[in-house]
Amino acid sequence: MKKSSAILLLVCFAMYHFGYYAFYFSYEHVLEQQWESQVYSGEFNEQAEQLMKIPLSMPYMANQEEFQITNTPFEKDGQSYRAIKQRYQNDTLQLIVVPDVERKVLKNTVQKWISTLTDEENPTENKGSTVVKFFVKDYMQPKKFLFEPFISQPISNSNSWLDNLYLDPELGLISPPPQFS
């Protein structure tokens, strides 16, 4: 009985602290399946579609007349997009993209969930509250790290011996330089 209750409590503890990973990956898998069914069935709002042109020179690539169906997620300028159609024409990759709002909502939700568990502020909201939260921490003087090696004699901090090396250019020479004849 004690062993099973200990295991149950350990599982609850793990789900409380790391459950967002399970939620994130399972919901991301559900989103991918939804996108796959939408892309291959062609159920898209024509107003949400945007044409994106990327200059790309590929040798021996033939121009394509028709768009091909693709299902590729990507981010550009902090926005999540999903490329649903593509074609290569005149050294340009043309993509028809749709904004991927669900992925952004998923990321924001998981970030908020993690910030509540780790007592960290979400960088996207309440930027002024971080000043109050870390007020005491900023004015506490940290202990400086002092490295004290086991040396019986103190080392001089002056570099006068180094300066003496450069005063006499022949100081370290054993023989004169070679002569050209």
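Residues numbered from 1 in each chain as written. Predicted model: local features only at pLDDT ≥ 70, side-chain atom pairs only at ≥ 80, totals over all residues. Heavy atoms only, no water.

## As for the overall build of the protein
Scanning the protein from terminus to terminus reveals five helices and four strands. Buried residues in the protein amount to 18% of all 181 residues. Within the protein, contacts between residues at least 6 apart in sequence are counted, and of these 56% link residues at least 24 apart. Carbon and sulfur atoms make up 59% of the accessible area of the protein, which amounts to about 15,700 Å² in all. (Helix = DSSP H or I, 4+ residues; strand = E, 2+ residues; numbered from the N terminus. Buried < 20%, exposed > 50% of the residue type's maximum accessible area, 1.4 Å probe, protein only. Contact = heavy atoms within 4.5 Å. Areas by Shrake-Rupley, 256 points an atom, 1.4 Å probe, with all protein chains shown as cover.)

## Points about the pattern of salt bridges
As enumerated under the stated definition, the model contains six salt bridges in all. With its nearest N and O atoms 2.6 Å apart, the salt bridge here joins glutamate 32 to arginine 103. On the criterion of sequence distance, the pair formed by glutamate 32 in helix α1 (residues 2–41) and arginine 103 in helix α2 (residues 101–118) is long-range, its members being 71 residues apart. Among the residues examined, glutamate 32 registers a relative accessible area of 26% and is labelled partly exposed. Accessibility expressed as a relative area gives 10% for arginine 103, which makes it buried. Here arginine 82 ties to aspartate 100 by a salt bridge, and the two come within 3.6 Å at their closest N and O atoms. (Salt bridge = Lys/Arg side-chain N within 4 Å of Asp/Glu carboxyl O.)

## Remarks on the pairing of strand β4 (residues 92–99)
Judged by how many residues are buried, β4 sits mostly within the fold: seven of eight residues are covered. Where strand β3 (residues 79–88) folds back on β4, the antiparallel hairpin that results is connected by three residues, among which asparagine 90 adopts a positive phi of roughly 55°. (Pairing = 2+ DSSP bridges.)

## Remarks on α1
At phenylalanine 18, α1 shows its largest kink, close to 70°. Within α1, the full set of buried residues consists of Gly19, Tyr20, Tyr24, Leu31, Trp35 and Val39. (Bend = angle between axes of the 7 residues up to and from the residue.)

## Focus on the sheet that holds β4
On the basis of which strands lie adjacent, the open sheet formed by four strands has the order β1-β4-β3-β2 and antiparallel pairing. Unpaired on one side and paired on the other, β1 (50–55) and β2 (68–76) mark the two borders of the sheet. Between one strand axis and the next, the sheet turns by 35° as a mean value, whatever way the strands run. Relative to the sheet, α1 contacts β2, β3 and β4, its axis offset from that of β2 by approximately 135°. (Axes fitted to C-alpha atoms, helices over the stretch in contact; angles between N-to-C directions.)

## A short note on unusual backbone geometry
With a phi close to 55°, asparagine 90 is a non-glycine residue in the positive phi region. Along the chain, asparagine 90 turns up in the loop between β3 and β4. Backbone geometry places aspartate 91, a non-glycine residue, at a positive phi of 55°. Positionally, aspartate 91 belongs in the loop between β3 and β4.

## A closer look at the environment of valine 110
Topologically, valine 110 is positioned in helix α2. A C-alpha to C-alpha distance of 6.5 Å links valine 110 and tyrosine 20, two positions 90 residues apart in sequence. Leaving out residues up to four positions away in the same chain, valine 110 has contacts with Tyr20, Phe23 and Tyr24.

## Here we look at the side chain of asparagine 71
Along the polypeptide, asparagine 71 turns up in strand β2. Separated by 2.8 Å, the side chains of asparagine 71 and arginine 82 make a polar contact. Look past the residues within four positions of asparagine 71 in its chain and what remains in contact with it is Trp35, Glu36, Val39, Tyr40, Arg82 and Ala83. (Polar contact = N/O pair within 3.5 Å; in protein donor to acceptor, adjacent residues only side chain to side chain.)

## Some thoughts on the pairing of β2
Put simply, side chains in a regular strand alternate between the two faces of the sheet. One ladder, built from seven bridges, connects β2 with β3; its direction is antiparallel. Across the sheet, residue glutamine 68 finds its bridge partner in β3, namely glutamine 86. Linking β2 back to β3 in an antiparallel pair, the connection comprises two residues, with aspartate 77 at a positive phi of about 55°.

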